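# Breakdown of the fold
What follows is each chain in one-letter form.
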Amino acid sequence: MERNYINVMEELVESLVTFLLFSPDFQLFCKCQKCRTDIVAYSLNNLPHHYVTTEEGRKDIFDHLNSEVNRKWINKRIISAIYLVGQYPKHS
Ligand SMILES: [Zn+2]
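I will try to describe carefully the structure that is included in this document. Counting of residues starts from 1 at the beginning of each chain's written sequence and follows it residue by residue. Residue-level local features of this predicted model are given only where pLDDT is at least 70; pairs of side-chain atoms are given and counted only at 80 or more, and the full residue set underlies all totals for whole chains, interfaces and linings. Hydrogens are left out, water is left out, and the side-chain values use all remaining heavy atoms of the structure.

### Here's the deal with the coordination of the zinc ion
Put simply, the rule reads: The donor set covers N, O and S atoms within 2.8 Å of the metal, switching to 3.2 Å for Na, K and Ca, and it leaves out water, so a site may look short of donors. Just to be clear on the cut-offs, tetrahedral is four donors with all angles between 85 and 135 degrees, square planar is four donors and octahedral six with opposite donors over 155 degrees apart and all others between 65 and 115, and anything else goes down as irregular. Relative accessibility thresholds used throughout: buried, under 20% of the residue-type maximum; exposed, over 50%; partly exposed, between the two (1.4 Å probe, protein chains only).
Cys30 (SG), Cys32 (SG), Cys35 (SG) and His91 (ND1) make up the full set of protein donors to the zinc ion, lying at 1.9 to 2.3 Å. Around the zinc ion, the 4 donor atoms are arranged such that angles at the metal cover 94 to 120 degrees; this shape is classified as tetrahedral. Mapping the donors of the zinc ion onto the primary sequence yields the spacing C-x1-C-x2-C-x55-H. Given the relative accessible area of 34%, Cys30 is considered partly exposed. Since its relative accessible area comes to 27%, Cys32 is described here as partly exposed.

The structure is reproduced here in structure tokens:
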């Protein structure tokens, strides 16, 4: 089966993780590929998924999730993941 569905939360979390990790607040945290991937995975396990099947839906949901009020609680869970991975990094 062709994969015609995407989780918009996944896209948003990927960009928020990069944005947060490179902000001054997190300058002491590791930014390697492994840690970034782990942060995204931990965050997504604690966030609701939002699957869409059309490009139009993708844009609507992205804008909705990316609103200030939604970014607040989404960022909170990402920040918990950053601290968790920072405490128990799995990189070599
Ligand atoms: Zn690392």
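Picking up where we left off.
### Topic: the nonpolar core
Heads up, the rule is: What we call a nonpolar core is a set of buried Ala, Val, Leu, Ile, Met, Phe, Trp, Tyr and Cys residues that are connected through their side-chain atoms within 4.5 Å. For the purposes of this entry, the term helix denotes a DSSP run of H or I that reaches at least four residues, the term strand denotes a run of E that reaches at least two, and both are numbered from the N terminus. It only takes one pair of heavy atoms within 4.5 Å for two residues to be counted as in contact.
If you look at the biggest cluster of nonpolar residues, it comprises 22 residues, and the most contacted ones within it are Val13, Ile39, Ile74, Ile78 and Ile82. Elements represented by at least two residues in this core include exactly helix H1 (8-21), helix H2 (33-45) and helix H4 (68-87). Ranked by the residues each element gives to this core, the list is headed by H1, at 8 residues. Not counting residues up to four positions away in its chain, the partners in contact with Val13 are Val40, Ser43, Leu44, Leu47, Ile74 and Ile78.

### Section: H4
As a reminder of what qualifies: What a helix should span is 1.5 Å times the count of its residues minus one.
If you check H4, its first and last C-alpha atoms are 28 Å apart, about what 20 residues at 1.5 Å a residue would give, namely 28 Å. Looking only at H4, the buried set comprises Asn70, Ile74, Asn75, Ile78, Ala81, Ile82 and Val85. The elements touched by buried residues of H4 are H1, H2 and helix H3 (55-65).

### Structural notes on the packing of H1 against H4
Here is the rule: Axes here mean lines fitted to C-alpha atoms, for a helix over just the part in contact, with angles spanning 0 to 180 degrees between N-to-C directions. Note on convention: near helix rotated counterclockwise from far helix by under a right angle means a left-handed crossing. Clockwise means right-handed. Polar here means any residue outside two lists: the nonpolar Ala, Val, Leu, Ile, Met, Phe, Trp, Tyr, Cys and Pro, and the charged Asp, Glu, Lys and Arg; Gly therefore counts as polar.
As a packed pair, H1 and H4 sit with axes 10 Å apart at the nearest point and diverge in direction by 65 degrees. Regarding H1 and H4, the two cross each other, and that crossing is right-handed. Taking contact as the criterion, the partners of Met9, Leu12, Val13, Leu16, Val17, Leu20 and Leu21 in H1 are, on H4, Arg71, Trp73, Ile74, Asn75, Ile78, Ile79 and Ile82. Of the residues assigned to the contact of H1 with H4, the class counts are 12 nonpolar, 1 polar and 1 charged.

Read these as spatial facts, not as claims about activity.
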